[in-house]
Amino acid sequence: MISTQHLPAAKISVIHNSLVFPASSAAGRNDALRAQHGATPETTVLLNVAMFRPEKNQRELVQLVADLPATADWQLWLAGDGPARAEIEALMAPFGSRVRFAGAVPHGELPSLYATADLYLWPAINEAYGMAFLEAQAAGLPVVAGRTGGVPAVVADTVTGLLTPIGDAASFAAAVSRLLDSADERARLGAAAAARVASRHDERAAAQALAAALARLRELPPANYSEQQWAVLGAIVRLLPRATALLWTVFGAHGQCDFTEISQSAVRALGPDDAPSDLALALDYRIRHLLVDEFQDTNNAQFQLVHALTCELSGHGVDAGATHAYASTDRVYALVMRNHSDLGA
């Protein structure tokens, strides 16, 4: 925001995600778990915890395993499940017991898993902000990850882990090999990672930072626009409908659209509350439960769509019962997994 929007740094408050996770001291190294996977206390365990989806890029780990020295004592543990798991299992099959699939691990068991490993790997090609990074580092694990999205905000390069260019499999493998060869560097990075997470992502510290930021809002002056600002606002109001029409033309010419247009088109297709379309009436019979994932990223157009899918239509000859909407955020997910670990990940 400072570099692209040219906003003054003094006007920006950053409140780091807090960690809803047991303290690293709550789980020690589990040698029994190592033995279960055929690893000795001396084996260097590389860990990846993620859904098996294309954007998580576990395919890069296949190349990594092929490049790591066969004479070294290491294992790769993959925890998680998803549509790409069968493909990754087939690709990893030639490496035998070097690669272990743990499946979907209940959230309550993750502290022990992190504490038992030696190095956390994240080859994902698109990651906004991974809570798994915080969990791994809280357990004292150094991280090797791709430099993408919000990852540099969570992993301090050369301080708590090593970041490599996205799509550069050779650099990723070199970073892993470097830490595989140096227990001392792993220990240094891991200690720094645990300390950084404890100081920057504690729940109480985040609550205090949020309270302080909200308190500063009381000191803001009244919002009064100058004549010039009102003129600019009026010009924007007149410009936006024309820009929207031009955007529709471009969408039509290329046979494409964005997420906002999809949401707005869906709202138009469902019709207003007092005159719902046949589609809205049909869906009211069929949709009983609606899950909104990543709720923190929901915009106004998507709120309108959720309202259209959940509003009461009994006055239009429909009595299909209520539609319940459930909102999920990273924070809510972490709380649910902590209190209901039997649900899995």
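Residues numbered from 1 in each chain as written. Predicted model: local features only at pLDDT ≥ 70, side-chain atom pairs only at ≥ 80, totals over all residues. Heavy atoms only, no water.

**Topic: the overall build of the protein chain**
Turning to step 1, where the next piece is worked out: Secondary structure assignment for the protein chain yields 14 helices and 8 strands.
Turning to step 2, where the next piece is worked out: Per-residue burial for the protein chain yields a buried fraction of 37% across its 345 residues.
Turning to step 3, where the next piece is worked out: Within the protein chain, counting contacts between residues at least 6 apart in sequence, those at least 24 apart form 68% of the total.
Turning to step 4, where the next piece is worked out: Summing over all exposed atoms, the protein chain offers an accessible surface of approximately 19300 Å²; the carbon and sulfur share of this is 58%. (Helix = DSSP H or I, 4+ residues; strand = E, 2+ residues; numbered from the N terminus. Buried < 20%, exposed > 50% of the residue type's maximum accessible area, 1.4 Å probe, protein only. Contact = heavy atoms within 4.5 Å. Areas by Shrake-Rupley, 256 points an atom, 1.4 Å probe, with all protein chains shown as cover.)

**Describing the packing of aromatic side chains**
Turning to step 1, where the next piece is worked out: Within this structure, the stated rule accounts for 6 aromatic pairs.
Turning to step 2, where the next piece is worked out: When the ring of Tyr225 is compared with that of Trp230, the centres are 5.1 Å apart and the planes differ by 70°; the resulting orientation is edge-to-face.
Turning to step 3, where the next piece is worked out: Owing to a relative accessible area of 48%, Trp230 belongs among the partly exposed residues under this scheme.
Turning to step 4, where the next piece is worked out: Chaining the aromatic ring pairs together yields one cluster made of Tyr114, Tyr120, Trp122 and Phe133.
Turning to step 5, where the next piece is worked out: Just above the ring of Trp74 sits the side chain of Arg98; from NZ or CZ to the centre is 4.4 Å. (Phe/Tyr/Trp six-rings, centres within 6.5 Å; stacked < 30°, edge-to-face > 60°. Lys NZ or Arg CZ within 6 Å of the ring centre and 35° of its normal.)

**Topic: the nonpolar core**
Turning to step 1, where the next piece is worked out: Counting 31 residues, the largest nonpolar core has Leu47, Val49, Leu113, Tyr114, Tyr120, Trp122 and Phe133 as its most contacted members.
Turning to step 2, where the next piece is worked out: Broken down by secondary-structure element, the contributors of at least two residues to this core are β1 (44-49), β2 (74-79), α4 (110-116), β4 (119-122), α5 (131-138), β5 (143-146) and α6 (151-154).
Turning to step 3, where the next piece is worked out: Excluding anything up to four places from it in sequence, Leu47 contacts Trp77, Leu113, Tyr114, Ala117, Leu119, Tyr120, Leu121 and Leu141.
Turning to step 4, where the next piece is worked out: Counting 25 residues, the second largest nonpolar core, distinct from the first, contains Leu61, Met92, Leu179 and Leu180. (Core = buried A, V, L, I, M, F, W, Y, C linked by side-chain atoms within 4.5 Å.)

**Some words on the packing of helix α11 (residues 259-270) against helix α13 (residues 300-310)**
A packed helix pair is summarised by two numbers, namely the angle formed by the two axes and the spacing between the axes.
Turning to step 1, where the next piece is worked out: Interaxial distance between α11 and α13 falls to 9 Å at its minimum, and their mutual angle equals 30°. Here α11 lies roughly parallel to α13, going by the angle between them. Between α11 and α13 the crossing geometry is left-handed. Residues Ser263, Gln264, Ala266, Val267 and Leu270 of α11 form the contact with α13, whose own contacting residues are Ala301, Gln302, Gln304, Leu305, Ala308 and Leu309.
Turning to step 2, where the next piece is worked out: For the contact of α11 with α13, the residue count by class is 7 nonpolar, 4 polar and no charged. (Axes fitted to C-alpha atoms, helices over the stretch in contact; angles between N-to-C directions. Parallel < 35°, antiparallel > 145°, perpendicular 65-115°, else oblique. Left-handed = near helix turned anticlockwise from the far one by under 90°. Nonpolar A, V, L, I, M, F, W, Y, C, P; charged D, E, K, R; others polar.)

**So, the confidence of the model for the protein chain**
Turning to step 1, where the next piece is worked out: For the protein chain, per-residue confidence averages 83 on the pLDDT scale, and 86% of positions sit at 70 or higher.
Turning to step 2, where the next piece is worked out: Low pLDDT, under 50, characterises residues 334-345; the stretch is placed with 20 contacts to residues that sit more than four places away or in other chains. (pLDDT = per-residue confidence, 0-100.)

**Examining the pattern of salt bridges**
Turning to step 1, where the next piece is worked out: Enumeration over the complete set of coordinates arrives at 9 salt bridges.
Turning to step 2, where the next piece is worked out: The residue Arg204 makes a salt bridge to Asp202 at a minimum N-O spacing of 3.6 Å.
Turning to step 3, where the next piece is worked out: According to the relative accessible area criterion, Arg204 is exposed, its value standing at 63%.
Turning to step 4, where the next piece is worked out: The partner of Glu261 in a salt bridge is Arg268, and the shortest N-O contact between them spans 3.0 Å.
Turning to step 5, where the next piece is worked out: Residues joined by salt bridges that share partners form a network here, namely Asp81, Arg85 and Glu89. (Salt bridge = Lys/Arg side-chain N within 4 Å of Asp/Glu carboxyl O.)

**A look at the sheet that holds β4**
Neighbouring strands of a sheet are bound in pairs by backbone hydrogen bonds; such pairs are parallel or else antiparallel.
Turning to step 1, where the next piece is worked out: A sheet is described by the order of its strands in space; here 6 strands give the open sequence β3-β2-β1-β4-β5-β6, paired in parallel fashion. The open sheet terminates on both sides in strands that have one partner only, identified here as β3 (99-103) and β6 (161-164). Across this sheet, the average inter-strand angle for adjacent strands is 20°, counted without regard to direction.
Turning to step 2, where the next piece is worked out: With 6 bridges joining them, β1 and β2 adopt parallel strand pairing. (Pairing = 2+ DSSP bridges.)

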